[in-house]
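Understanding the architecture of this molecule
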Number of protein chains: 2
Amino acid sequence: MKNGRTYAEIIDRLRQAGLRPTRQRIALAGLMYSGGDRHLSAEILHGEALRARVPVSLATVYNSLHQFTARGLLREIVIDGGRSYFDTNVSDHHHFYFENEGRLEDIPAEDVVVAALPKAPGRTRISRVDVIVRVRED
Amino acid sequence: MKNGRTYAEIIDRLRQAGLRPTRQRIALAGLMYSGGDRHLSAEILHGEALRARVPVSLATVYNSLHQFTARGLLREIVIDGGRSYFDTNVSDHHHFYFENEGRLEDIPAEDVVVAALPKAPGRTRISRVDVIVRVRED
DNA sequence: AAATTACATTAGAAGCTTTCTAAATTATTG
DNA sequence: CAATAATTTAGAAAGCTTCTAATGTAATTT
Ligand SMILES: [Mn+2]
Ligand SMILES: [Mn+2]
Ligand SMILES: [Zn+2]
Ligand SMILES: [Zn+2]
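Each chain carries its own residue numbering, running from 1 in the direction its sequence is written. All chains are assigned letters beginning with A, and all ligands numbers beginning with 1, in the order in which they are written. Residue-level local features of this predicted model are given only where pLDDT is at least 70; pairs of side-chain atoms are given and counted only at 80 or more, and the full residue set underlies all totals for whole chains, interfaces and linings. Side-chain numbers here rest on the full set of heavy atoms in the structure, without hydrogens or water.

**A word on the coordination of the zinc ion (ligand 4)**
Tetrahedral coordination by four donors sets the ideal angle at the metal to 109.5 degrees; octahedral coordination by six donors sets it to 90 or 180 degrees. Residue and element names in this part refer to chain B. Let me state the cut-off plainly: With water excluded from the atoms, a metal site may look incomplete; its donors are any N, O or S atoms within 2.8 Å, or within 3.2 Å for Na, K and Ca. Starting at the N terminus, helices and strands are each numbered in turn, a helix being any DSSP run of H or I of at least four residues and a strand any DSSP run of E of at least two.
Looking at the metal site, the zinc ion (ligand 4) is ligated by His39 (NE2), Asp87 (OD), His93 (NE2), His95 (NE2) and Asp106 (OD), spaced 1.9 to 2.3 Å from it. All donors of the zinc ion (ligand 4) come from a single chain, and their spacing in sequence reads H-x47-D-x5-H-x1-H-x10-D. Taken together, the residues span a long stretch of sequence, with His93 in strand S4 (residues 93–98) and Asp106 in strand S5 (residues 103–108) at a distance of 13 residues.

What follows is the structure, encoded as C-alpha cells:
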C-alpha cells in the first residue's frame, strides 16, 4: 500500500527524484510518509524530526519540503494565515478546511464532481483545479 | 450597475454596515469600488490611497479591509505567498489564478458547475466552496 | 583510498506581510 | 460645547519564510 516506507525504498525514491539521499532528507521523508496521508507545516515536521532525535535545521526542512514539492513528492497548499501546508497525498483530490481549527482534511477525488470548467484564458493552460470546502462549527 | 460610487452612497453603505464614515474609510471604499471588480492587496490599496493624497496608515488599511470583510463588503482570498487579496466581488463566483503573475481573475459562477459535494463532517457546516483554477503560461 | 568537485546543511540574519500597542485624534451623542 | 466612544496612527512586535556565506558531506575522479 504505502510507498517508500523502508529505508531502502526511501533512498530509491530520493535518487529517482534526483536528490542525494542525505541523512536529513532520508529522515524527513521517513517521517512524512509514516502514518498515512498528512498535511504538514514546516514547523510541525521540524518538531517531529527533533523529537525523533534527528537534528535538522528549520532551513533544511524548508529546503527539503520545496525540493520534494518541485519533484512531485509533495504538494503545497496555502490556505490562510500565511502558513504553508505540504500534502503527502499527491494524487487527485480535494480538501475540507476546518476554519475553526485551521486544519485540512482530504476529500477523495470522486466525492467532488466538477462538471464544467471554463477554458484557460490566452495562452495559458490549467495546471491544477483546487476545490476547497470551507467548513465551520459556528 | 455599480453600487456605492458616489460620496453619499459610500457613506450610506458604511453606515448600513455599522461603520462610522470616517475620512479614511470613505476614501478607501471609494478607491476599492472604482473601476469594476478588483482583487486588492493591502499594500496596493495603501499605495493608491497615498497617490490619491489620502494620507492613511497601513494599519488603518488592514483594519478597514478586515472590517469590510467581516461585514460582507469584501471577501478575503489567500492563495499563495502569505499575501491576502480582498475581493470587491462578493457574489458567488470562482477564480483563475495565474501562477506566473500571481494574479487573480474572476470566473462567473455559471462557468463552473460543481455537481457533487461531500457533506460537511461532524457538526460542521459548509461556509463556502472555493474553486481555484490554477493556470500557467507553459 | 585520497583528492577533487559538486551539492547540502546550518546558524543566524534578514525579509515580508500582518498584527499589536498605547497614545493622539475624530466622530457622535447629549 | 462637553462628554463619550470609536478610530487612527507610528512604531514595535510577531510569525513565517527565505537568504547568506561558512562549514560539512556525498559523489566522482584519479
Ligand atoms: Mn513555498
Ligand atoms: Mn486576514
Ligand atoms: Zn490532501
Ligand atoms: Zn473575485
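**A word on the protein's contact with DNA strand C**
Quick note on the threshold: Consider each residue's heavy atoms; a residue with any of them within 4 Å of a molecule or strand counts as near. Here a polar contact means two N or O atoms within 3.5 Å. Within protein one must be a hydrogen donor candidate and the other an acceptor candidate, and residues neighboring in sequence count only if both atoms are side-chain atoms. When residues are grouped by polarity, Ala, Val, Leu, Ile, Met, Phe, Trp, Tyr, Cys and Pro land in nonpolar, Asp, Glu, Lys and Arg in charged, and all others, Gly among them, in polar.
Every one of the 20 residues lining DNA strand C counts as a neighbour, but Thr22 of chain A together with Tyr62, His66, Arg83 and Ser84 of chain B are closest to it. In this structure, Gly82 of chain B approaches DNA strand C through a main-chain N or O atom, which is 3.1 Å from a sugar or linking oxygen. The greatest single-element share of the surface near DNA strand C, amounting to four residues, is contributed by helix H4 (residues 58–70) of chain B. Residues belonging to the surface near DNA strand C are distributed by class as follows: seven nonpolar, eight polar and five charged.

**Some details on the coordination of the manganese ion (ligand 2)**
The protein atoms that coordinate the manganese ion (ligand 2) are His66 of chain B (NE2) and Glu76 of chain B (OE), at distances of 2.4 to 2.5 Å. Of this pair, His66 of chain B sits in helix H4 while Glu76 of chain B sits in strand S2 (residues 75–78); the two residues are ten residues apart in sequence, bridging distant segments of the chain.

**Points about the sheet that holds strand S1 (residues 39–40) of chain A**
Residue and element names in this part refer to chain A. Going by this rule: DSSP bridges decide pairing: two strands pair if at least two such bridges lie between them.
Pairing is antiparallel across the open sheet formed by three strands, whose spatial order is S1-S3-S2. On the outer flanks of this sheet lie S1 and strand S2 (75–78), each paired with one strand and no other. Looking at chain direction, S1 and strand S3 (residues 84–87) are connected through two bridges and run antiparallel. Looking across to S3, one finds that Leu40 is bridged to Phe86.

**Here we look at unusual backbone geometry**
The criterion, for reference: A simple rule labels every residue: compare its accessible area, found with a 1.4 Å probe on the protein chains alone, to the largest value its type can have, and call it buried under 20%, exposed over 50%, or partly exposed in between.
Unusually for a residue other than glycine, Arg53 of chain A sits at a positive phi of about 60 degrees. Along the chain, Arg53 of chain A turns up in the loop between helix H3 (42–51) and helix H4 (58–70). Residue class for Arg53 of chain A comes out exposed when judged on its relative accessible area of 74%. Of note, the phi angle at Asp138 of chain B is positive, near 150 degrees, even though the residue is not glycine. We classify Asp138 of chain B as exposed; its relative accessible area is 72%.

**A few points about the protein's contact with DNA strand D**
Surveying the vicinity of DNA strand D reveals 20 residues, the closest of which are Tyr62, His66 and Ser84 of chain A together with Thr22 and Gln24 of chain B. By atom count, sugar and phosphate contribute 83% of the portion of DNA strand D lying within 4 Å of the protein. Arg25 of chain B is positioned such that a nitrogen or oxygen atom in its side chain is 3.0 Å from a phosphate oxygen of DNA strand D. Put simply, the parts of the chain that give the surface near DNA strand D at least two residues each are H4 of chain A together with helix H2 (23–32) and H4 of chain B. For the surface near DNA strand D, the element with the highest residue contribution is H4 of chain A, accounting for four residues. Looking at side-chain class alone, the surface near DNA strand D contains seven nonpolar, eight polar and five charged residues.

**With respect to the domain arrangement of chain A**
Residue and element names in this part refer to chain A. We apply this condition: Each domain's extent is set by a domain assignment, obtained either automatically or from a database. Contact criterion: two residues are considered in contact whenever any of their non-hydrogen atoms come within 4.5 Å of each other. A quick way to say it: buried area is the sum, across both parts, of accessible area lost when two parts are put together, with a 1.4 Å probe. Salt bridge, as used here: a side-chain nitrogen of Lys or Arg that lies within 4 Å of a carboxyl oxygen of Asp or Glu.
Each assigned domain of chain A is listed with its residue range as follows: domain 1 (2–86) and domain 2 (91–135). A straight line from the C-alpha centre of domain 1 to that of domain 2 covers 23 Å. Residue-level contacts link eight residues of domain 1 with twelve residues of domain 2. For the pair domain 1 and domain 2, the two sides together bury roughly 890 Å², of which 51% comes from carbon and sulfur. Of all residues in domain 1, the largest losses of buried area upon contact with domain 2 belong to His39, Arg75 and Ile79, amounting jointly to 64% of the total for that side. Summed over the shared surface of domain 1 and domain 2, the result is two salt bridges. As a salt-bridge pair, Arg134 and Asp80 come within 3.4 Å of each other at their nearest N and O atoms. Inspection of the region where domain 1 meets domain 2 yields six residue pairs in polar contact (both at pLDDT 80 or more). Counting residues per element, the side of domain 1 that touches domain 2 draws most heavily on S2, at three residues. In terms of residue class, the side of domain 1 that touches domain 2 is made up of three nonpolar, one polar and four charged.

**Let's talk about the interface of chain A and chain B**
Taken together, the contact between chain A and chain B spans 35 residues of the former and 36 residues of the latter. Approximately 2,900 Å² of surface area, both sides summed, lies buried where chain A meets chain B, with 63% of it carried by carbon and sulfur atoms. Of all residues in chain A, Val78, Pro118 and Arg134 of chain A bury the most surface against chain B, accounting for 16% of the area lost on that side. For the pair chain A and chain B, the interface holds two salt bridges. Taking the shortest distance from any N to any O, the salt bridge between Asp130 of chain A and Arg134 of chain B comes out at 3.8 Å. The interface formed by chain A and chain B contains 14 residue pairs in polar contact (both at pLDDT 80 or more). Of all the elements in the fold, those that place two or more residues in the side of chain A that touches chain B are strand S4 (93–98), strand S6 (113–116) and strand S7 (125–136) of chain A. Tallying contributions element by element places S7 of chain A first for the side of chain A that touches chain B, with twelve residues.

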